[in-house]
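# A look at the structure
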Amino acid sequence: MRERILVVDDDEKITSLLRRSLAFEGYQVDIASNGQEGLGKLLEIEVDLVILDVMMPKLDGWEVCQRIRESGIHVPILMLTAKDEIDDRVKGLDLGSDDYVVKPFSLDELLARVRALLRRKQREDQDSSTVIQFKDVSMHLDAREVFRGDHRIELTTKEYELLKLFLQNPNRVLPRDVIMEQIWGFDYSGESNVLEVYINLLRQKTEEHGFPRIIQTVRGAGYVLRGE
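About the cut-offs
- Residues numbered from 1 in each chain as written.
- Predicted model: local features only at pLDDT ≥ 70, side-chain atom pairs only at ≥ 80, totals over all residues.
- Heavy atoms only, no water.
- Helix = DSSP H or I, 4+ residues; strand = E, 2+ residues; numbered from the N terminus.
- Phe/Tyr/Trp six-rings, centres within 6.5 Å; stacked < 30°, edge-to-face > 60°.
- Buried < 20%, exposed > 50% of the residue type's maximum accessible area, 1.4 Å probe, protein only.
- Lys NZ or Arg CZ within 6 Å of the ring centre and 35° of its normal.
- Salt bridge = Lys/Arg side-chain N within 4 Å of Asp/Glu carboxyl O.

The chain is annotated in an unreviewed UniProt entry as Response regulator transcription factor from Marinicrinis sediminis.

In structure tokens, the structure reads:
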């Protein structure tokens, strides 16, 4: 069965390009020309990934992303933004997006991001019902829920995958290149600091309510999940 991708963008040139390119790669493609239409289609059809533009009339991409997550839909979201600013990227990640591409983008890079996100989703779908535990952090794979103590932690798909990798390798130093390969794939060619951005986001969320840091930096080596 072909994977289904919803493209939400008001630029007809972009949607036409993505429709042809994604269809050529074997994906089923749906198009929405604004945020409201995109939200409506997500309620009507089941998709495997959303490509979401930020600057749109009626509802911008940030608002759409936030509403998708508030509705409990866990579909991977790849955002398209013309703003090459760290704050804008972090805002999208905080609202629940899983990755971003800055316009004007390389089609090869965008397709690589799509493949990487779909691979992560496929692995998640194959997870059996179980719980991974380290210290006071628990990850419930069947429900895709993460807790630290009694506090539930809301994570994006990419944050979830990153924390899962650490939980599966406690007290083991994971080199940067190993993490990039496991989470973003061999064909990732985007921003070089993307791992650091996600590590910082994951630390913020796991350290809320005064919890101590468990994701430690090992200078010159990588990162490690280590408790007191």
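Next comes the rest of the account.
Across the junction of lysine 103 and proline 104, the peptide omega takes the value -10 degrees, indicating a cis bond. The phi torsion at lysine 135 lies on the positive side, around 55 degrees, for a residue other than glycine. Looking at the element boundaries, lysine 135 is found in the loop between strand 6 (131-134) and strand 7 (137-140). The phi angle at arginine 144 is positive, at roughly 55 degrees, despite the residue not being glycine.

On to the packing of aromatic side chains, then. Within the structure shown, the criterion is met by 1 aromatic pair. Here the aromatic rings of tryptophan 184 and tyrosine 198 are separated by 5.4 Å at their centres, their planes lie at 65 degrees, and the arrangement is edge-to-face. Of this pair, tryptophan 184 sits in helix 7 (residues 176-184) while tyrosine 198 is found in helix 8 (residues 194-206), placing the two residues 14 residues apart along the sequence. Given a relative accessible area of 0%, tyrosine 198 falls into the buried group. Lying over the aromatic face of tyrosine 160, arginine 144 brings its terminal NZ or CZ to 4.3 Å of the ring centre.

Side chains that carry opposite charge are capable of pairing whenever their charged atoms lie near each other. Within this structure, the stated rule accounts for 15 salt bridges. Arginine 69 is paired through a salt bridge with aspartate 98; the nearest N and O atoms lie 2.9 Å apart. In this pair, arginine 69 is assigned in helix 3 (residues 61-70) and aspartate 98 in the loop between helix 4 (86-95) and strand 5 (99-102), connecting sequence segments 29 residues apart. Across the pair glutamate 154 and arginine 152 runs a salt bridge whose closest N-O atoms are separated by 2.1 Å. Using a relative accessible area of 53% as the deciding quantity, one classes glutamate 154 as exposed. Relative accessible area serves as the criterion here: at 39%, arginine 152 is assigned to the partly exposed category. If you follow the salt bridges from partner to partner, you end up with Asp9, Asp53 and Lys103 in one network.

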